[in-house]
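These are the residues of each chain, in order.
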Amino acid sequence: MDDRDKMLNAFERALLDVDRLAARQVMEQRGRDMRPIRFVEKVVLPVLEQLGAGWQDGPLALSQVYMAGRICEELIDEMLPPADPSRKNQPRMAICILEDHHALGKVMVYAVLRSGGFDLLDYGVVGVDDLVARVQADRVKVLLISVLMLPSALKIKSVRQKLMDRECDVTLIVGGAPFRFDDQLWQAVGADVMCENASDVVPAIEKMMEEKR
Ligand code: B12
């Protein structure tokens, strides 16, 4: 068993035991060369997915997956604290979870963007009409939407339509499980960009800003 497998096993055990201290220990012992975002993507994500599969196949309870999610949320908040935004001339940005209560993806993307020097509004969990009204009122130019369930992903289409009806020119960046399951879905719902991982989001926004210059 190599070091990464050992780390994955220890982290999974800690989450199943609802042992926050053990989970934090695995995170702290990850080694100097593994940046926090790498730890999240290489350890936290695969373990959560494995637990999710365990719930779908029967052996695990939803409460175990839920508690695992909560512990990971706390750890990610600790590992990726907001940094002082230092950039100028960035478009007005906002992030939200659209009619979905899976929170981790948004927490990660928000933390990565703040750590990367971007400033953005956090709308939390919102419905379509509330979202469109807030985007218009705040004159948001880049809207990041996180969804983990297919019905929520499909609602992005009406966000796009309603923004167009109000003549709001907004770049839509989307992410979450449904887009990883179906690589055509982001275009079908009218998004401009889809990112598979939180670490892809800063380069995607920088590229977009470069193109608009
Ligand atoms: C943990 C989990 C839960 C936890 C959530 C805890 C929490 N606080 O968030 C709990 C137990 C509460 C839960 C509940 C439910 N869940 Co659930 N859950 C999961 C699971 C196992 C992991 C999700 C997760 O947190 N992953 C870790 C995070 C970090 O990854 P992520 O969100 O994908 O984010 C990464 C990328 O996608 C990307 N990203 C995400 N968002 C964004 C946004 C932008 C802008 C960008 C750029 C990138 C980006 O960056 C992130 C990091 O790299 C998934 C399985 C899966 N394969 O995803 C099912 C899953 C999402 N759940 C599912 C379902 C059905 C439900 C329930 C309806 C179950 C039920 N019957 O009650 C409820 C609904 C809750 C609700 N109303 O929203 C389904 C959705 C199926 C579908 N096609 O719609 C899934 C896919 C499981 C499955 N295969 O069936 N769930």
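Owing to the predicted nature of the structure, the values given are computational and were not obtained by experimental measurement.

Trainee: Would you take a moment to explain the site of the ligand for this structure?
Mentor: Around the ligand, 38 residues are found, and the nearest of them are His-101, His-102, Ala-103, Ser-146 and Arg-180. Here Asp-100 contributes a side-chain N or O atom positioned 3.2 Å from an oxygen atom of the ligand. The separation between an oxygen atom of the ligand and a polar main-chain atom of Leu-150 is 2.8 Å. For the ligand, the cavity whose grid points lie within 2 Å of the majority of its atoms is the largest pocket. Looking at the shell around the ligand, the elements that each hand over two or more residues are helix H3 (36-57), helix H4 (62-79), helix H5 (104-115), strand S3 (142-146), helix H7 (150-154), strand S4 (171-175) and helix H9 (177-181). Counting residues per element, the shell around the ligand draws most heavily on H3, which supplies seven residues. Looking at side-chain class alone, the shell around the ligand contains 23 nonpolar, nine polar and six charged residues.

Trainee: Help me out: how do you make sense of the layout of surface pockets in this one?
Mentor: The probe, sized like a water molecule, is rolled over the atoms to show the empty space still left. There is about 1,300 Å³ of room inside the largest pocket. Taken together, 43 residues line the largest pocket, and the ones lying closest to its centre are His-102, Leu-104, Gly-105, Leu-148 and Ala-177. Of all the secondary-structure elements, those providing two or more residues to the lining of the largest pocket are H3, H4, H5, S3, S4 and H9. Element by element, the count of residues in the lining of the largest pocket is highest for H3, at 10 residues. Taken together, the residues of the lining of the largest pocket break down into 26 nonpolar, 10 polar and seven charged. Both domain 1 (3-79) and domain 2 (93-212) contribute no fewer than three residues apiece to the lining of the largest pocket.

Trainee: Got a minute to help me understand the domain arrangement of the protein chain in this structure?
Mentor: In many analyses, interface size is given as the accessible surface area lost on bringing the parts together. Taken domain by domain, the protein chain consists of domain 1 (3-79) and domain 2 (93-212). Placing a centre on the C-alpha atoms of domain 1 and another on those of domain 2 gives a separation of 25 Å. The interface is formed by 11 residues belonging to domain 1 together with nine residues belonging to domain 2. In total, domain 1 and domain 2 occlude about 790 Å² of area from one another, counting both sides; carbon and sulfur atoms represent 71% of this. When the buried area of domain 1 at its contact with domain 2 is split by residue, Glu-41, Glu-73 and Ile-76 rank highest and sum to 51% of it. There are one salt bridge connecting domain 1 and domain 2. In this structure, Glu-49 engages Arg-180 in a salt bridge whose closest nitrogen and oxygen atoms are separated by 3.0 Å.

So, how was this worked out
Residues numbered from 1 in each chain as written. Predicted model: local features only at pLDDT ≥ 70, side-chain atom pairs only at ≥ 80, totals over all residues. Heavy atoms only, no water. Near = heavy atom within 4 Å. Polar contact = N/O pair within 3.5 Å; in protein donor to acceptor, adjacent residues only side chain to side chain. 1 Å grid on protein atoms, 1.4 Å probe; cavity = no way out; pocket = protein on both sides within 12 Å on 5 of 7 lines; lining within 4 Å. Sits in = over half its atoms within 2 Å of the grid points. Helix = DSSP H or I, 4+ residues; strand = E, 2+ residues; numbered from the N terminus. Nonpolar A, V, L, I, M, F, W, Y, C, P; charged D, E, K, R; others polar. Points joined across faces, edges and corners; volume = space filled by probe spheres on them. Domains from an automatic or database assignment. Contact = heavy atoms within 4.5 Å. Buried area = accessible area lost by both parts, 1.4 Å probe. Salt bridge = Lys/Arg side-chain N within 4 Å of Asp/Glu carboxyl O.

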